[in-house]
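# Reading the structure
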Amino acid sequence: MKKRMMLMLTGALAVGLLAACGTPKEGADGHGGTHQGGAINALANDNGHGDHGGQDTGGHAADNYKATFTFASGTAKASENTKLNVQVTDTNGKAIHDFEWNHEKLMHIIIVNKDLSYFSHIHPEWDGKGTFTVETSFPKGGEYKVFADFVPKGGSGTTLSKWVKVEGETKPQEKVKADAELVKVVDGKEVTLTLSSAKAKDETTLTFTVKDEKTKEGIRNLEQYLGAVGHVVVLSEDAEQYLHVHPANEKASGPAAEFMTAFPNPGTYKIWGQFQHQGKVFTVPYVVEIQ
Ligand SMILES: [Cu+2]
């Protein structure tokens, strides 16, 4: 709420504001940060091609935005409900109040922990005065990355992010390891992921095929989730690259759900597919190796 309500900034990120025009190695989310008046800011240079890949680096200063992430209580503690506030400004500090509806929401927030074993996709409320707010809780102490995904009015898809620190007992970090098999069972569904290419920079189709776990019948009545057949998030293993993914056919209803993306570089990526069936959203995670 107030600037003095500050978040802890991780050492690795206390490197100053990085995202001026075109900083290729920094990826989509302009994760450079600085302590400014006690709040944490993220600066975006992601514009113009927000729907394709995380290599959105060609931003111009005039198109850049900044997000400030704060916890209403000042700090966040593990297992406690915490109010997260997000404010968006242009790079001159002027508050942005107009956002486009995007996949049925004004803002999407994704939160992951350092080893990507934790994933949360939530939607904050807009207070009409400059602040998005959402209540959340973190399972353990440690570092989390918060991504805010939005479309400023007249602008294009923008993703801003920040590592935040949560107080409390931490859990040992595990390596993000590629899955031997891209078949997962979640909530009674068997979901298989196939990639049309495992090569960086290729326009790649991710196909999720959803079957009933027991009968192995394809599920043909997937419901619309956020205005499409599903929602997919892709992050590089260090969470520095947030890939934009869009459905190939929004109106599909299964058993196959196809999404388009492009992996910017070789490496390990985690993919979360989210689908809705019989009123319930289920999330299927995969880890893939891209050449
Ligand atoms: Cu969302």
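Calculation notes
Residues numbered from 1 in each chain as written. Predicted model: local features only at pLDDT ≥ 70, side-chain atom pairs only at ≥ 80, totals over all residues. Heavy atoms only, no water. Core = buried A, V, L, I, M, F, W, Y, C linked by side-chain atoms within 4.5 Å. Buried < 20%, exposed > 50% of the residue type's maximum accessible area, 1.4 Å probe, protein only. Helix = DSSP H or I, 4+ residues; strand = E, 2+ residues; numbered from the N terminus. Contact = heavy atoms within 4.5 Å. pLDDT = per-residue confidence, 0-100. Donors = N, O, S within 2.8 Å, 3.2 Å for Na, K, Ca; no water.

Turning next to the nonpolar core. Ranked by size, the top nonpolar core spans 27 residues in total, and within it Leu84, Val86, Met107, Ile109, Ile111 and Phe150 carry the most contacts. Every element with two or more residues in this core is listed here: strand 3 (65–71), strand 5 (82–90), strand 6 (107–113), strand 9 (132–136), strand 10 (142–150) and strand 11 (158–167). When neighbours within four sequence positions are excluded, Ile111 is seen to be in contact with Tyr118, Phe119, Ser120, Ile122, Thr136, Phe138, Tyr144, Lys145 and Val146. The next biggest cluster of nonpolar side chains, apart from the first, holds 26 residues, and it includes Val191, Phe208, Leu243 and Phe259.

Averaged over all residues, the pLDDT of the protein is 83; the fraction at 70 or higher stands at 78%. Every residue in residues 45–62 is under pLDDT 50, and counting partners more than four places away or in other chains gives 63 contacts.

Moving on, we get to the coordination of the copper ion. Within the protein, His108 (ND1), His121 (NE2) and His123 (NE2) serve as the donor atoms for the copper ion, at 1.8 to 2.0 Å. Taken in chain order, the donor set of the copper ion reads H-x12-H-x1-H. Within this pair, whereas His108 is found in strand 6, its partner His121 is found in strand 7 (residues 119–122), the two being separated by 13 residues in sequence. Residue classification places His121 among the buried residues on the basis of a relative accessible area of 12%.

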